[in-house]
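Given next are the chains, with one letter for each unit.
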Protein chains: 2
Amino acid sequence: MDRPQLTRTAVIARGAEVADTSGFDSVTLAAIARSFGVRTPSLYTHVRDLAALRDGITVLALDELAERIGDAIAGRSGYDALVGFGAAHRGYVEEHPGRWESLQRHAGADAVAAPAARRIVRVTDAVLLGYGISGEDRTHATRIVGSALNGFLNLERIGSFAHSTPRAEQSWHELIDALHFVLAHWHDRERLRTKERS
Amino acid sequence: MDRPQLTRTAVIARGAEVADTSGFDSVTLAAIARSFGVRTPSLYTHVRDLAALRDGITVLALDELAERIGDAIAGRSGYDALVGFGAAHRGYVEEHPGRWESLQRHAGADAVAAPAARRIVRVTDAVLLGYGISGEDRTHATRIVGSALNGFLNLERIGSFAHSTPRAEQSWHELIDALHFVLAHWHDRERLRTKERS
DNA sequence: GGGTAGTTCCTAATGGTATTAGGATCGGGG
DNA sequence: CCCCGATCCTAATACCATTAGGAACTACCC
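Numbering of residues starts from 1 in each chain and follows the order in which that chain's sequence is written. Lettering of chains starts at A and numbering of ligands starts at 1, both following the order in which they are written. With pLDDT at 70 or above as the cut-off, local features in this predicted model cover only qualifying residues; side-chain atom pairs require 80 or more to be listed or tallied, and sums for whole chains, interfaces and linings still use all residues.

Caption draft 1: Main features of the interface of chain A and chain B. The contact criterion used is a C-beta to C-beta distance within 7 Å, with each C-beta placed from the backbone. Contacts between the two partners involve 33 residues from chain A, matched on the other side by 33 residues from chain B. Secondary structure elements follow DSSP: runs of H or I no shorter than four residues count as helices, runs of E no shorter than two count as strands, and numbering proceeds from the N terminus. When contributions to the side of chain A that touches chain B are tallied by element, the ones reaching two or more residues are helix H8 (136-157), helix H9 (168-184) and helix H10 (189-197) of chain A. Broken down by element, the side of chain A that touches chain B gets its largest block of residues, 14 residues, from H8(A).

Printed below as a string of structure tokens:
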């Protein structure tokens with residue numbers, strides 16, 4: 001009788017595949033057990049409970065995303081880095097929608113404290129340093145860029161852009177350009193705004 | 001024997017309360033039935049199934065949100081309208097987090113086709129008209145503004161800003177200002193960008 | 001006024017989910 | 001060679017959604 005080779009890592013990886021295929025809500029211990037040809041309770045040897053499994057997928061996603069972003073902005077700065085940063089996100093959502101979904105929720109303490117979470121903040125900071133933004137402004141800018149990309153990708157994912165023209169693709173480029181515009185003029189924004197009002 | 005006064009509307013309203021209190025995932029037919037002092041199957045008289053109940057909450061949320069936005073931008077334009085538009089969203093998330101959550105997902109066809117969905121698009125358009133943006137650009141601008149606000153509010157909701165300073169509140173103002181900057185310079189953005197490069 | 005039809009709630013039953021308890025089986029180390 | 005721990009199993013409990021079919025109440029019609 002050959003015992004299936006289960007592992008915490010394998011279980012979480014399978015969960016991530018299920019998420020990408022059928023949505024994060026379909027990540028269920030029963031489904032994963034079935035896919036391994038194993039009974040549900042057997043999974044409890046490798047994973048504390050369903051919440052831990054889901055948090056594991058979140059940490060996996062954070063890791064993979066951080067690596068992609070790192071690769072995408074390596075050796076680039078300014079606009080090029082921003083484009084790479086965005087493309088890394090968008091590519092990840094397209095290839096791994098379920099894992100991305102796992103990031104759009106309150107995660108458990110383990111996931112929040114994961115090194116990968118800090119890593120993503122760090123690479124984002126690196127992009128903004130290229131624009132000469134530092135101090136508290138960098139936090140604001142990080143949040144603005146993160147919000148815009150995250151929001152666009154989620155709206156696109158849930159189909160908000162599906163029923164109108166032009167294609168979301170074009171709006172994505174406009175979004176990146178708009179972000180570049182904001183970042184590039186971060187420090188003279190006040191001056192321009194004043195000029196506008198006069 | 002006094003029968004509880006159940007109604008489709010009442011069931012959905014109760015569902016919305018449950019969502020706001022315990023999260024959208026806690027919206028369950030069993031929980032709603034309990035809160036009415038009624039057995040679960042009794043709800044099927046008023047609601048087709050769980051999915052229909054959830055879609056009902058989504059439509060309710062769309063309606064309430066559209067009304068708030070309408071009130072917030074009435075008689076305003078430009079920056080003031082943008083501030084009101086944002087405040088309407090942010091206030092709604094704060095007061096009704098579960099209903100907001102109901103908007104962050106693939107909704108059923110009924111919900112997508114709801115008049116309220118079009119109404120929100122319309123009021124957003126009204127804000128952008130104040131900036132003199134029209135045609136395809138207005139679609140792009142709508143998506144950019146929607147993405148940024150939506151993304152910020154979701155990241156704030158899932159706690160992404162909770163573990164760093166400064167307070168999210170400040171970043172929110174920066175975000176609104178950045179959006180105003182983008183919208184106000186929508187048409188001379190190309191010129192400014194060129195100047196920047198020279 | 002009494003029967004009747006429709007509405008609304010009920011109980012009963014099925015099947016899917018997570019989770020715990022405790023038993024069997026296989027491997028490696030004394 | 002035997003024991004022990006790891007890994008998987010079966011059995012059981014407790015939720016959940018959903019369907020089938022019965023009872024009671026309301027309103028209406030004759």
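Still to come is the rest of the account.
Caption draft 2: Representation of the protein's contact with DNA strand C within the structure. Around DNA strand C lies a shell of 18 residues, among which Thr28(A), Ala30(A), Pro41(A), Asp49(A) and Ser42(B) are the nearest. Here the surface near DNA strand C gets 3 residues from one element, more than from any other, and that element is helix H2 (residues 29-36) of chain A. Under the scheme applied here, ten amino acids are nonpolar (Ala, Val, Leu, Ile, Met, Phe, Trp, Tyr, Cys and Pro), four are charged (Asp, Glu, Lys and Arg), and all others, including Gly, are polar. Grouping the amino acids of the surface near DNA strand C by side-chain chemistry returns 11 nonpolar, 4 polar and 3 charged. We call a residue near a molecule or strand when its C-beta atom, built from the backbone, sits within 6 Å of it.

Caption draft 3: Quick look at unusual backbone geometry. Cis geometry marks the peptide bond from Thr165(A) to Pro166(A), where omega comes out at -5°. One can find Pro166(A) in the loop between H8 and H9.

Caption draft 4: Representation of the protein's contact with DNA strand D in the model. Looking at DNA strand D, there are 18 residues lining it, with Ser42(A), Thr28(B), Ala30(B), Pro41(B) and Asp49(B) nearest. A per-class count over the surface near DNA strand D returns 11 nonpolar, 4 polar and 3 charged.

Caption draft 5: Representation of the relation of the copies chain A and chain B in the model. With an axial shift of 0.0 Å and an RMSD of 0.0 Å, the rotation relating chain A to chain B amounts to 180°. The transformation just described matches what one would write down for a two-fold rotation axis. Of the interface residues in chain A, 100% have counterparts in chain B that sit at the interface too, so the contact is made through matching surfaces. When the copies are superposed, the least-squares fit draws on C-alpha atoms of residues that have pLDDT of at least 70 in both.

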